[in-house]
Amino acid sequence: MIEFYWPESSGEWLAWSSAATTGLIGFFVMFMPRLALRLFGLQAKNERSEVLVMPRSVIGGFYVGFAMAALSMAQPFIYLTLGASWALAFFGCIISMLSDGARALYSWIFLLLSAVLATLPLAFVLGFIP
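Computed from a prediction, not measured in an experiment: that's the story for all the values here.

A. Spatial organisation of the layout of surface pockets. Each pocket or cavity is described by its volume, and for the largest pocket that value is around 500 Å³. Taken together, 14 residues line the largest pocket, and the ones lying closest to its centre are L39, F40, Y106, F110 and L113. Those elements that provide at least two residues to the lining of the largest pocket are α1 (10-31), α3 (53-73) and α5 (105-125). With five residues, α5 is the largest single contributor of residues to the lining of the largest pocket. Looking at the lining of the largest pocket residue by residue, the classes come out as 13 nonpolar, one polar and no charged.

B. Structural view of helix α4 (residues 76-99). Taking 1.5 Å of rise per residue, 24 residues should cover 34 Å, and α4 covers 34 Å from first to last C-alpha, within 8% of that figure. Taken residue by residue, α4 has I78, Y79, L82, G83, W86, C93 and M97 as its buried positions. Buried residues in α4 make contact with α1, α3 and α5. The positive-phi residue at the C-terminal boundary of α4 is G101, with phi of around 75°.

C. Local environment of the environment of S57. Among the structural elements, S57 can be located in helix α3. The spacing of S57 and I109 is 52 residues in sequence and 23 Å in space, taken between C-alpha atoms.

D. The packing of aromatic side chains, seen in detail. One pass over the full model with this rule turns up eight aromatic pairs. Aromatic side chains W6 and W13 sit 5.9 Å apart centroid to centroid with 35° between the ring planes, which places their arrangement in the tilted category. Owing to a relative accessible area of 35%, W13 belongs among the partly exposed residues under this scheme. Geometrically, the ring pair formed by W6 and W16 is tilted, given 5.6 Å between the ring centres and 40° between the ring planes. With W6 in the segment before α1 and W16 in helix α1, this residue pair connects regions lying 10 residues apart in the sequence.

E. Structural detail: a nonpolar patch on the surface. Where nonpolar side chains cluster on the molecular surface, the patch consists of F27, F31, M32, L35, L39, F40 and L42 and spans about 680 Å² of accessible area. Elements with a contribution of two residues or more to the nonpolar patch: α1 and α2 (33-39). Structurally, L35 is set in helix α2. Overall, the relative accessible area of 36% leaves L35 in the partly exposed class.

F. Summary view of the nonpolar core. A19, Y79 and W86 are the most contacted members of the largest nonpolar core, which has 18 residues in total. Where this core is concerned, the elements lending two or more residues are α1, α3, α4 and α5. Looking at this core, the element that brings in the most residues is α1, giving six residues. When neighbours within four sequence positions are excluded, W86 is seen to be in contact with S18, T22, I25, Y63, F110, S114, L117 and A118.

G. Highlighting unusual backbone geometry. One non-glycine residue with positive phi stands out, namely A74, at about 50°. Relative to the elements of secondary structure, A74 occurs in the loop between α3 and α4. Take A74: its relative accessible area is 12%, and that puts it in the buried class.

Each value, and the rule that gives it
Residues numbered from 1 in each chain as written. Predicted model: local features only at pLDDT ≥ 70, side-chain atom pairs only at ≥ 80, totals over all residues. Heavy atoms only, no water. 1 Å grid on protein atoms, 1.4 Å probe; cavity = no way out; pocket = protein on both sides within 12 Å on 5 of 7 lines; lining within 4 Å. Points joined across faces, edges and corners; volume = space filled by probe spheres on them. Helix = DSSP H or I, 4+ residues; strand = E, 2+ residues; numbered from the N terminus. Nonpolar A, V, L, I, M, F, W, Y, C, P; charged D, E, K, R; others polar. Expected span 1.5 Å × (residues − 1). Buried < 20%, exposed > 50% of the residue type's maximum accessible area, 1.4 Å probe, protein only. Contact = heavy atoms within 4.5 Å. Phe/Tyr/Trp six-rings, centres within 6.5 Å; stacked < 30°, edge-to-face > 60°. Patch = residues over 30% accessible without salt bridge, like charges linked within 9 Å, V, L, I, M, F, W, Y side chains within 5 Å. Areas by Shrake-Rupley, 256 points an atom, 1.4 Å probe, with all protein chains shown as cover. Salt bridge = Lys/Arg side-chain N within 4 Å of Asp/Glu carboxyl O. Core = buried A, V, L, I, M, F, W, Y, C linked by side-chain atoms within 4.5 Å.

Here you go:
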């Protein structure tokens, strides 16, 4: 029988929390894409249902799949990949803020969220938090 792995150290809990949050974001985008797009400051053109394929699959499905792999396997390299992915999302947000002038409140919130979700698994994997 397959057992679900529960973290044993504080560092593992932080990395696990980042993966769980990633999964929750993915479920939210997958099952409520219109609301998610509105929160991102976007809107589906003419409310066409074809527009919802990309957020549901690329954002929602990818986040859920990544989170499920991280939560079920709980391996340092998966946590490293999760942290690196969120760090690059953080970097992309900074690029957008500097080059596109995207300085709305939700841009700052996403910047902070991606910084936290990158820091948690990276701090564990790189040995800053045992």
